[in-house]
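Chain by chain, the residues:
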Amino acid sequence: MGALFVALTLVGYLGAAILFVAQLYDLKQAKWALLLGWVGFVSQSLWLIQRGIALAQFPAATLYDWVAFFVWVAVGLFLAFGRRLGMRPVGAFLFPVVFVVWLMSQGVSGNAAPGRHPMGVLLVLHVVVAALGDVSFLLASVFGIMYIEKERELKNKRVRLFYYQLPALGDMDAWSGRFVAAGWGLFTATLVTGALWGHATGSAYWMWNAKQIWSFMTWAIYGALFVARYVGKWHGHRLATWSMIAFLVVLVNVFGVNLLFPGPHHAIL
Amino acid sequence: MKIQVVGINHRDTPVAVRERVAFGPELLDKAYASRDTMRHQDGIVILSTCNRTELYVAGDVPLGDILAWWERLVSVPRGEFSDALFWYEDAQAADHLMRVASGIDSMVLGETQILGQVKDAYQLAQQHEAVGRLHRLFQYGFRAGKRAHSETDIGRNALSLGYAVVELSRKVFGSVDDRSALVIGAGETGRLVSRHLAAQGIGQLAIANRTLSRAQELASEVGGRVVKLHDLAEAVRESDIIVSCTSSPEPIISYALAHEALKGQAHKFRFFFDMAVPRDIDPRVAEIGQSIFLYDIDDVNHVVNANLHKRQQEVQRVERLIDDEVAQFQKEMGASQVGPVIRSLRQKAEAIRQEELEKAMNRLPNLSEEERAVVAETTRLIMNKFLNDAMVSMRSWGADEQKHSYVDAIRELFHLAEEGDASRTQVDGGTA
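Residues numbered from 1 in each chain as written. Chains lettered and ligands numbered in written order. Predicted model: local features only at pLDDT ≥ 70, side-chain atom pairs only at ≥ 80, totals over all residues. Heavy atoms only, no water.

Caption draft 1: Spatial organisation of the overall build of chain B. Along chain B, the regular secondary structure elements total 15 helices and ten strands. Its C-alpha radius of gyration of 33 Å places chain B more than 25% over the 22 Å reference for a compact globule of 432 residues. C-alpha atoms of chain B, sized along the principal axes, occupy 115 × 50 × 35 Å. Taken across its 432 residues, chain B has 47% of its residues classed as buried. Across chain B, contacts joining residues at least 24 apart in sequence account for 71% of those joining residues at least 6 apart. If you sum the accessible surface of chain B, you get close to 21200 Å²; carbon and sulfur atoms cover 49% of it. (Helix = DSSP H or I, 4+ residues; strand = E, 2+ residues; numbered from the N terminus. Rg over C-alpha atoms; globule rule 2.2 N^0.38 Å. Buried < 20%, exposed > 50% of the residue type's maximum accessible area, 1.4 Å probe, protein only. Contact = heavy atoms within 4.5 Å. Areas by Shrake-Rupley, 256 points an atom, 1.4 Å probe, with all protein chains shown as cover.)

Caption draft 2: Local environment of the interface of chain B and chain A. Contacts between the two partners involve 27 residues from chain B, matched on the other side by 22 residues from chain A. Considering only the side of chain B, the residues that lose the most area to chain A are Lys-171, His-267 and Gln-290 of chain B, jointly responsible for 28% of the buried surface there. At the boundary of chain B and chain A, one finds one salt bridge. Residue Lys-157 of chain A is joined to Asp-299 of chain B by a salt bridge in which the shortest nitrogen-to-oxygen separation is 3.0 Å. Linking chain B to chain A there are 15 residue pairs in polar contact (both at pLDDT 80 or more). Of all the secondary structure elements, the ones that give two or more residues to the side of chain B that touches chain A are α7 (161-173), β10 (292-296) and α12 (297-363) of chain B. With seven residues, the top contributor of residues to the side of chain B that touches chain A is α12 of chain B. Along the lines of polarity and charge, the residues of the side of chain B that touches chain A split into eleven nonpolar, eight polar and eight charged. (Buried area = accessible area lost by both parts, 1.4 Å probe. Salt bridge = Lys/Arg side-chain N within 4 Å of Asp/Glu carboxyl O. Polar contact = N/O pair within 3.5 Å; in protein donor to acceptor, adjacent residues only side chain to side chain. Nonpolar A, V, L, I, M, F, W, Y, C, P; charged D, E, K, R; others polar.)

Caption draft 3: Region of the structure containing the sheet that holds strand β3 (residues 52-58) of chain B. Residues and elements named next belong to chain B. Pairing is antiparallel across the open sheet formed by four strands, whose spatial order is β2-β3-β1-β4. Each edge of the open sheet carries a strand with a single partner, namely β2 (44-48) and β4 (86-89). When strand polarity is set aside, the average angle formed by the axes of neighbouring strands in this sheet is 10 degrees. Of the strand pairs in this sheet, strand β1 (residues 3-9) and β4 are connected by four bridges, and their pairing is antiparallel. When the bridges of β4 are listed, Val-6 appears paired with Trp-87. Across the sheet, helix α4 (residues 90-102) touches β1, β2, β3 and β4, and the angle it forms with β4 is around 120 degrees. (Pairing = 2+ DSSP bridges. Axes fitted to C-alpha atoms, helices over the stretch in contact; angles between N-to-C directions.)

Caption draft 4: Spotlight on the layout of surface pockets. All names here are of chain B. Here the largest pocket defines a volume of roughly 830 Å³. Lining the largest pocket are 30 residues, and of these Met-1, Lys-2, Arg-133, Met-333 and Gln-337 lie nearest its centre. Counting residues per element, the lining of the largest pocket draws most heavily on α12, which supplies eight residues. (1 Å grid on protein atoms, 1.4 Å probe; cavity = no way out; pocket = protein on both sides within 12 Å on 5 of 7 lines; lining within 4 Å. Points joined across faces, edges and corners; volume = space filled by probe spheres on them.)

Structure below.
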């Protein structure tokens, strides 16, 4: 059964990624893209439930589980609010990214590294806010990519696909800024809950291990971006570019640091 | 029942001819009042705009009669416009109306005004109770028009310079409701752009012009304020959208002026449109900040051309949608022709059965009530079984255009009366 859910998730998200790109060219594909998005999302929801029951805990303790949860949150938020917020073109950029991220997570072992603590309430809170924060960063970068592409067409005065299909530059800039702000707040909460949990398990609040250093760096970059946006009046191109670069730092944090360095976040391939 | 359309349009007829054979409001009233002089017509709708005059007629009216009626009303000999006439019947007529209503037959491809004009024409005919059998045709026409605009991009994206300025601004700012625009120059282009900006709900509009009285005149028309040319730097600073369209031989917005005006604001979105030849705005203004956009008249024209190309690409999708609607219309028309024949045939058979049953009962007075019921039921069953295959076949003809002539054959074969005339069918049945 689990294999079936995984296969349907694969088909759903891959199909949605292809058809959401296709709907930029032909609007009629939009409803099929959305339908496949739902197929993937429902299958993944069932998989998460099954996984939670099998592990007898919230299914986000390992990198394998957490990335699946992260993708689930991203897709769920898009399906719930995307259409209402007029963000349909976002699907064309979001689904290819979440599909690749989800596929990468399938290469990671689902077994926890030795010596892992069981999930308590604090840890559940930690992984949930971490997922929400990273999804915000992902959306900020998606709006950043879209912004850069549309701006390129407008600057080059060669109006093509993005000129017609993507939202106004000002709107994308505003969304990117909002998601940076929301993500930074949530990431701050992630660091705080992480430190509290570390303390609760008998170690120090802060240990300056690789994960924490990288996380602190991520927090500082987004903090700087937040300040630049709302105090320093950073807009448009610069904000868009930095929201993309900053998300690379997040990706390294998730896949690089967790796989390479030992510690409570350590994951095995 | 035949549906036909005969008319002229902008494609084949110059305006000098179109204006002579068009129907103004008074002539339309006169035409509808005299519609009964056109024999055999069973519904008429006249669509007359600057670009077309089209007569939609239901009923077996010879083309010559329609033209004679038209020529009498407009007092122009038909020889003077008959060369340019088009004439379509049935499915082709439906296809034509849908093409017109969806805007793909218009001079400005995909424009939406024509759909309103078709509706107005229909409503006027309705007021004169002249629509008759054309009712369903026009419902299909409206639906095709609406679908074309909601399901395709045929009517989207600007095709005029004035509207393209608003569209480009929207691509940057989103809504223009809370934006301010400055139009420099109150000449023809300035007026055109100002009207478009005002009509699209620009937040604030300022007009600058060398002759203040002309600026004042335009400002009061579009609900804007007047800015003096020597306050230009400040006006530029306060505006999100700056459109310059003067006939000045010297640049109006130099690099130095813009640089000074935008000091400390280079990060903000600003859209400059230089609609003048020679150019009013120094091209280097675009380099002041990454969020500053500058389009000259060629750039805006390029966008308009790209938009036109995009609309042309949509024509095929509209045509597919129209094919779909025409097929449905034909099916409905077919079904509406078969239905009355089926009813007439049944009524006739029933009338014969009742008459013969009555005669038989008179000859068999000793039958009990029960026996009478059995005989009556048997005759009913014989009739139903005999007619059943024919009914099933006829219903299937509704969708098949090639079999529409069969319907007439059945009518002739069984001497069936016209639709709705049940009493005549019964009388005929009685004498058969």
